[in-house]
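# Structure assessment
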Protein chains: 2
Amino acid sequence: MRPADRSWLLLTGFVLLYVVYLLFGALVFSSIERPVEEELRRDVDALKRRFLNHSCVSPAALDLFVGQVLAANRHGVTAHKNASAPSNWDLTSAMFFANTLVTTVGYGHTVPLSNAGKAFSIVYALIGVPFTMLVLTACVQRLMYPLVLAPLGLLQRSGLEPRPAAAVHFLLLLVLVVLCFFAAPAAIFSAVEGTWSFLDGFYYCFISLCTIGLGDFVPGTQPEQNLRQFYQGTVMVYLFLGLMMMYLLLRTFHKMADLHGLTTFLQLPRCEESDPDEDREPIMENGQGAQKQRPPAASEHLAPSSQPSYNSMGAS
Amino acid sequence: MRPADRSWLLLTGFVLLYVVYLLFGALVFSSIERPVEEELRRDVDALKRRFLNHSCVSPAALDLFVGQVLAANRHGVTAHKNASAPSNWDLTSAMFFANTLVTTVGYGHTVPLSNAGKAFSIVYALIGVPFTMLVLTACVQRLMYPLVLAPLGLLQRSGLEPRPAAAVHFLLLLVLVVLCFFAAPAAIFSAVEGTWSFLDGFYYCFISLCTIGLGDFVPGTQPEQNLRQFYQGTVMVYLFLGLMMMYLLLRTFHKMADLHGLTTFLQLPRCEESDPDEDREPIMENGQGAQKQRPPAASEHLAPSSQPSYNSMGAS
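Residues numbered from 1 in each chain as written. Chains lettered and ligands numbered in written order. Predicted model: local features only at pLDDT ≥ 70, side-chain atom pairs only at ≥ 80, totals over all residues. Heavy atoms only, no water.

Counting its regular elements, chain A contains 12 helices and 0 strands. Tracing chain A from N to C terminus, the helices and strands come up as α-α-α-α-α-α-α-α-α-α-α-α. In chain A, which comprises 316 residues, the proportion classed as buried is 53%. If you take every contact in chain A between residues at least 6 apart in sequence, the share linking residues at least 24 apart comes to 58%. (Helix = DSSP H or I, 4+ residues; strand = E, 2+ residues; numbered from the N terminus. Buried < 20%, exposed > 50% of the residue type's maximum accessible area, 1.4 Å probe, protein only. Contact = heavy atoms within 4.5 Å.)

Laid out in structure tokens, this is it:
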């Protein structure tokens, strides 16, 4: 089979498998959630009937009222408590919103109400999302030596071959991230937020750090909480550090996949290899620069002049 | 200044600037949205007072009722209409939910209610999110030649230098994406969804394709819509194609930044250069393979044996 044919076949297979995966998810979610939803619906209907029996309101008037209450709620204003509840747009809450916007988590527990707010959200995210990626990348760059290259070197010096060393290192990093950025925060959230179970906390951490951000659980939104502003600030720092670790994990996985020939097999781009300071500087600081420097082939393509893939069309 | 010092200074500057950017966003959002929120709050208070005057319900009973209605609404069950409204968990809606989960858009208009649903969401996204990235990457790979390399070659053959050609090409691609994946869908959404303005549609497209997914606007959730399942399916296809184009745009921008020396200046990783088929195969198909092949330095580092950055620690 020609490589081009194989590549198209692989792509078609990928896309088909993807649709099957979505269908499978739909079937499972539907079978798990539908009975629970029906029960909740029956509860709500009973609630409405009970309420109508004990009041002199017509069903139509109640429906109108409920519709308006829900519309206000969609915009983050709850009719449940009186107006003394904290604003969704005080400085800390607005910063929390800005943070969920630029990290693409986007809980949606608060949303801009005005056209000006929507337009500003677009412009703000347009600059903010790439900026966040830039800052995260720059931070991850600094963590590559202490968290990836140094432990890998240690594993290899202790006698492991490169491939098993990479796998062992990835597993260790995974356990570290799960413990420090999922399990421990989940325990803290379930203690601080009265109504959250440990699973709720874990689910919140996962949904947030994957930047899915469903918004069914958002910390620091209950009106009675003390030190709400400090708490929201801490959550912002947690989100940033967590996203950094997720990115580091992803990059380590990508590098491991390169090493195992997985990316070549699937005809995908390999992990970038030309990071100017992630592995070079610390090595030179160790005073072993000459010994550990890259082979010439790789160093050469660091120079701006040798960038063939982007220029190759014009060079002819 | 030593390169290591400069690099740390750059990082600190980045992080500080990032905090300032968040603070700036918070100030603007707060000043735009707070008056609107206060007005909506006053409206809701007036609505409640009016409702209480025309019924024989106590304020406490109403508060309890509203609290329960809002709690059910958080779980996607609205007390507004009767139980004949379409389920959030029929097969198409569940597939739509699965799709927003694995693409990390996560509107949160429907959320799993049960513990089993939450646990399955975690497992499903754990596999689904990387899988989606894989499928998107594989698709973008196929689009690199027709949408990036071929037009770039055309621009360069028409006499432009590589750098201006890259900038012109990026701008053209940007205009194409904005027209086809933001403006046109926004016009369609504002026509199909009765209550959406064009800005609402544009805002929805932007918030979705950046995977922020606030969920204040979600197409196909109004109960009266005809062909709802077909409509939701179309939106899923739109989201997939849109994400693909956003990824392509990001990669093109990254390559342009490489070419302009921006990534080297900011000490960031460069765009991967070793995509096995994005620029090679089509060139060979054109019968000009020998003329346009990569220089040896770049080809060499395609071979699995020459991967210095990951192995350099162990090689010593």
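It is worth spelling out the packing of aromatic side chains at this point. This model, assessed by the stated rule, comprises 51 aromatic pairs over all chains. With centroids separated by 5.4 Å and ring planes inclined at 50°, the aromatic side chains of F170 of chain B and F253 of chain B adopt a geometry described as tilted. Taken as a pair, F170 of chain B in helix α5 (residues 162-192) and F253 of chain B in helix α7 (residues 228-259) lie far apart in primary sequence, 83 residues in all. Put simply, the rings of Y18, Y21, F24 and F29 of chain A together with W89, F97, F120, Y124, F131 and F240 of chain B pair up and form one aromatic cluster. Over the aromatic face of W8 of chain A sits the side chain of R142 of chain B, whose NZ or CZ is 4.4 Å from the ring centroid. (Phe/Tyr/Trp six-rings, centres within 6.5 Å; stacked < 30°, edge-to-face > 60°. Lys NZ or Arg CZ within 6 Å of the ring centre and 35° of its normal.)

All names here are of chain A. Put simply, chain A has an average pLDDT of 81, and 83% of its residues get 70 or more. Taking the mean pLDDT of every element in chain A, the minimum, 32, falls on helix α12 (residues 308-315) and the maximum, 96, on helix α6 (residues 198-209). The complex prediction reports pTM at 0.82, with the ipTM value standing at 0.82. (pLDDT = per-residue confidence, 0-100.)

Turning our eyes to something else, we now look at the packing of helix α4 (residues 115-157) of chain A against helix α7 (residues 228-259) of chain A. All names here are of chain A. Relative to each other, α4 and α7 sit at 60°, their axes nearing to 9 Å. The crossing of α4 and α7 is right-handed. When α4 is examined against α7, the residues V135, L136, T137, C139, V140, Q141, L143, M144, L147 and V148 are found in contact with a partner set consisting of F240, L243, M244, M245, Y247, L248, R251, T252 and K255. Of the residues in the contact of α4 with α7, the class split is 14 nonpolar, 3 polar and 2 charged. (Axes fitted to C-alpha atoms, helices over the stretch in contact; angles between N-to-C directions. Left-handed = near helix turned anticlockwise from the far one by under 90°. Nonpolar A, V, L, I, M, F, W, Y, C, P; charged D, E, K, R; others polar.)

Our next topic: the packing of α5 of chain B against α7 of chain B. All names here are of chain B. For the pair α5 and α7, the least separation of the axes is 10 Å and the interaxial angle reads 160°. Taken together, α5 and α7 sit at an angle that is classed as roughly antiparallel. As α5 runs across α7, the sense of the crossing is left-handed. Across the contact of α5 with α7, the residue classes tally to 23 nonpolar, 3 polar and 1 charged. (Parallel < 35°, antiparallel > 145°, perpendicular 65-115°, else oblique.)

As for its placement among the helices and strands, E37 of chain A is situated in helix α1 (residues 3-53). The residues contacting E37 of chain A, other than those within four sequence positions of it, are V77, S87, N88, W89 and L113 of chain B.

On to the side chain of S121 of chain B, then. Looking at the secondary structure, you find S121 of chain B in helix α4 (residues 115-157). With residues near it in sequence (within four places) discarded, S121 of chain B still touches F29, Y203 and F206 of chain A together with F97, L101 and P112 of chain B.

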